[in-house]
Amino acid sequence: MPVSDLVAPLSAAEVEALVLSLRVAGVATLATLPAAVGLGWILARGRFPGKWLVEAAVSLPLVLPPVVTGLALLLLFGSRGPLGSLLADVFGVSLLFHWTGAALAAGIMALPLMVRPIRLAIEGVDRGLEQAAATLGAPPAFVFFSVVLPLALPGVIAGTLLGFARAFGEFGATVTFVGAIPGETRTLPVAIYGALQGVDGETSALRLALISIAVAVIALVGTEAVSRVLGRQSVVA
């Protein structure tokens, strides 16, 4: 394969898939982040019966085949699903075959990777600082946002980067739930698969794969850098 083919400008369809992937991954990450922070805090600080069930539910997308996750979303949010029909009847919204459905699938698949570093960062926060703030009369919400969250910020950033990379590369749940509609749900991983199924699509698939690898490497390098900062802060403390 000539190198000139790999470095040639992206086609309109390839740019469309790349932009859509960035949009889906960005929305999925931002929408999932509050839930990831909340779950990280619950798992780090919570003491309640059935905690292991919450841990298992959070980790489930990591061990299930992505197609199974996509099928579950289809059953829940499809036109005849309980949540899908509710959204359609009350809000007039349908996630099926729409980019927002792709963002939902990507967010669910990214959630476990976001929760873990956030949980570890919160567990590393000295509880004595929280207790001191509470002793001074600070309400729990103030303690969390002014003490816990700033100290756990490196973990939150690391989780956000990992979640974005996972959402950017999501394929199985997405194509099962919302299909591969050009300009709507045909994200970069779906475009790679489609290119491999066509004639003479190897070059396009390889170029898009290199972009996907670059995004993953940047996210991993960023996560490692944040982890080093977190480690130095722990040593200083």
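Let me sum up the structure you'll find in this document.

The rules behind each value
Residues numbered from 1 in each chain as written. Predicted model: local features only at pLDDT ≥ 70, side-chain atom pairs only at ≥ 80, totals over all residues. Heavy atoms only, no water. Helix = DSSP H or I, 4+ residues; strand = E, 2+ residues; numbered from the N terminus. Expected span 1.5 Å × (residues − 1). Buried < 20%, exposed > 50% of the residue type's maximum accessible area, 1.4 Å probe, protein only. Arc of directions from axis to C-beta. Contact = heavy atoms within 4.5 Å. Axes fitted to C-alpha atoms, helices over the stretch in contact; angles between N-to-C directions. Parallel < 35°, antiparallel > 145°, perpendicular 65-115°, else oblique. Left-handed = near helix turned anticlockwise from the far one by under 90°. Nonpolar A, V, L, I, M, F, W, Y, C, P; charged D, E, K, R; others polar. Salt bridge = Lys/Arg side-chain N within 4 Å of Asp/Glu carboxyl O. 1 Å grid on protein atoms, 1.4 Å probe; cavity = no way out; pocket = protein on both sides within 12 Å on 5 of 7 lines; lining within 4 Å. Points joined across faces, edges and corners; volume = space filled by probe spheres on them. Patch = residues over 30% accessible without salt bridge, like charges linked within 9 Å, V, L, I, M, F, W, Y side chains within 5 Å. Areas by Shrake-Rupley, 256 points an atom, 1.4 Å probe, with all protein chains shown as cover. Phe/Tyr/Trp six-rings, centres within 6.5 Å; stacked < 30°, edge-to-face > 60°. Lys NZ or Arg CZ within 6 Å of the ring centre and 35° of its normal.

We now examine helix α8 (residues 140-151). With twelve residues, α8 extends 16 Å between its outermost C-alpha atoms, agreeing within 8% with the 16 Å of an ideal straight helix rising 1.5 Å per residue. Looking only at α8, the buried set comprises V143, F144, V147 and V148. Seen from one end, α8 has its buried residues packed into an arc of 125 degrees, which puts them on one side. Where α8 is buried, its residues contact α2 (12-45), α6 (99-123) and α7 (127-135).

Let's shift gears to the packing of α6 against helix α9 (residues 153-168). Viewed as axis vectors pointing N to C, α6 and α9 meet at an angle of 160 degrees, and their least axial separation amounts to 8 Å. In this view, α6 runs roughly antiparallel relative to α9, as classed from their interaxial angle. α9 is crossed by α6, and the crossing has right-handed handedness. In this structure, α6 uses A106, M109, A110, L113, M114, P117, I118 and A121 to contact α9, whose residues at the interface are G155, V156, A158, G159, T160, L162, G163, R166 and A167. When the residues that make up the contact of α6 with α9 are grouped by side-chain class, the tally is twelve nonpolar, four polar and one charged.

Tallied over the full model, the rule gives five salt bridges. The salt bridge partner of E130 is R45, with a shortest N-O separation of 2.6 Å. Taken as a pair, E130 in helix α7 and R45 in helix α2 lie far apart in primary sequence, 85 residues in all. Among the residues examined, E130 registers a relative accessible area of 14% and is labelled buried. When its relative accessible area of 13% is taken as the criterion, R45 is described as buried. Its salt-bridge partner being R119, residue E55 comes within 3.0 Å of it at the nearest N-O pair. Of this pair, E55 sits in helix α3 (residues 51-63) while R119 sits in helix α6, placing them 64 residues apart in sequence.

What follows concerns empty space enclosed by the protein. A complete count under the given rule lists one cavity of 30 Å³ or more for this structure. The computed volume of the largest cavity comes to approximately 40 Å³. If you go around the largest cavity, the residues you meet are S21, V24, A25, A102, A106, A167, F168, E170, T174 and T187. Going through the elements one at a time, α2, α6 and α9 are the ones with two or more residues in the lining of the largest cavity.

Among the surface-exposed residues, L76, L83, L86, V90, F91 and V93 lie close enough to one another that they form a single nonpolar patch of about 540 Å² accessible area. Take the nonpolar patch: its biggest share by element is three residues, from helix α5 (residues 82-90). For L83, the location among the structural elements is in helix α5.

In this section: the layout of surface pockets. Its boundaries defined by the atoms lining it, the largest pocket holds a volume of some 390 Å³. Contributing to the lining of the largest pocket are 22 residues, with P61, T69, L73, L104 and I108 lying nearest its centre. For the lining of the largest pocket, the secondary-structure elements that each account for two or more residues are α2, α3, α4 (66-77) and α6. Of the residues assigned to the lining of the largest pocket, the class counts are 18 nonpolar, four polar and no charged.

Taken as a whole, this structure holds five aromatic pairs when the rule is applied. Ring centres 6.3 Å apart and planes at 80 degrees place the aromatic pair W41 and F144 in the edge-to-face group. Of this pair, W41 sits in helix α2 while F144 sits in helix α8; the two residues are 103 residues apart in sequence, bridging distant segments of the chain. A relative accessible area of 38% places W41 in the partly exposed class. Here F144 falls in the buried class, since its relative accessible area comes to 15%. Aromatic side chains F164 and F168 sit 6.2 Å apart centroid to centroid with 25 degrees between the ring planes, which places their arrangement in the stacked category. Of this pair, F164 and F168 are both found in helix α9, four residues apart, which corresponds to roughly one turn of the helix. Counting every residue linked through ring pairs, the aromatic cluster contains W41, F144 and F145. In this structure, R23 packs its charged tip against the face of W99, placed 3.9 Å from the ring centre.

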